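Below are the chains, spelled out letter by letter.
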Amino acid sequence: MEQQIVLAVLGAAGVVSAFLFALKGLLDQIPDVIRSWRRVVDEARRSHSDHGLAPEDHRPSSSSSDGSR
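Predicted, not measured: the structure shown is a model, and the values here were computed from it.

Right, let's get into the overall build of the protein chain. A count of helical and extended segments in the protein chain gives two helices and zero strands. In the protein chain, which comprises 69 residues, the proportion classed as buried is 0%.

Below, the structure is given as structure tokens:
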């Protein structure tokens, strides 16, 4: 009976250990996934804004609007 309890505890510890190892592997990948997603969203926004009316570089500068140089 004692051997079955010891084996059950060791087996449960092994299962928990494997689960934590797999969970750590998944959690380590999350920052890379977030960075990749942000790059995709930024690129989509950039390509969407390229189809706009005019680029932002053609706006008059603020220094010329007040008359001073």
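This brings us to helix H1 (residues 2–49). End to end, H1 covers 70 Å across 48 residues, agreeing with the expected 70 Å (1.5 Å per residue, within 8%). The sharpest bend along H1 comes to roughly 30°, located at isoleucine 30, with the proline proline 31 sitting one to four residues further on.

Moving on to the pattern of salt bridges. Under the criterion given, the structure shown has three salt bridges. With its nearest N and O atoms 2.7 Å apart, the salt bridge here joins aspartate 32 to arginine 35. Placement of the pair is aspartate 32 and arginine 35 together in helix H1, with a separation of three residues, close to one helical turn. A relative accessible area of 48% places arginine 35 in the partly exposed class. In this structure, glutamate 43 and arginine 46 form a salt bridge, with 2.8 Å as the shortest nitrogen-oxygen distance. With glutamate 43 and arginine 46 both in helix H1 and three residues apart, this pair spans about one turn of that helix. Judged by relative accessible area, which is 46%, arginine 46 ranks as partly exposed.

Attention shifts here to a nonpolar patch on the surface. A cluster of nonpolar residues, Val16, Phe19, Leu20, Leu23, Leu27, Ile30 and Ile34, forms a patch on the protein surface that exposes about 630 Å² of accessible area. If you trace the backbone, leucine 23 turns up in helix H1.

About the cut-offs
- Residues numbered from 1 in each chain as written.
- Predicted model: local features only at pLDDT ≥ 70, side-chain atom pairs only at ≥ 80, totals over all residues.
- Heavy atoms only, no water.
- Helix = DSSP H or I, 4+ residues; strand = E, 2+ residues; numbered from the N terminus.
- Buried < 20%, exposed > 50% of the residue type's maximum accessible area, 1.4 Å probe, protein only.
- Expected span 1.5 Å × (residues − 1).
- Bend = angle between axes of the 7 residues up to and from the residue.
- Salt bridge = Lys/Arg side-chain N within 4 Å of Asp/Glu carboxyl O.
- Patch = residues over 30% accessible without salt bridge, like charges linked within 9 Å, V, L, I, M, F, W, Y side chains within 5 Å.
- Areas by Shrake-Rupley, 256 points an atom, 1.4 Å probe, with all protein chains shown as cover.

Purely geometric stuff here, so don't read any function into it on its own.
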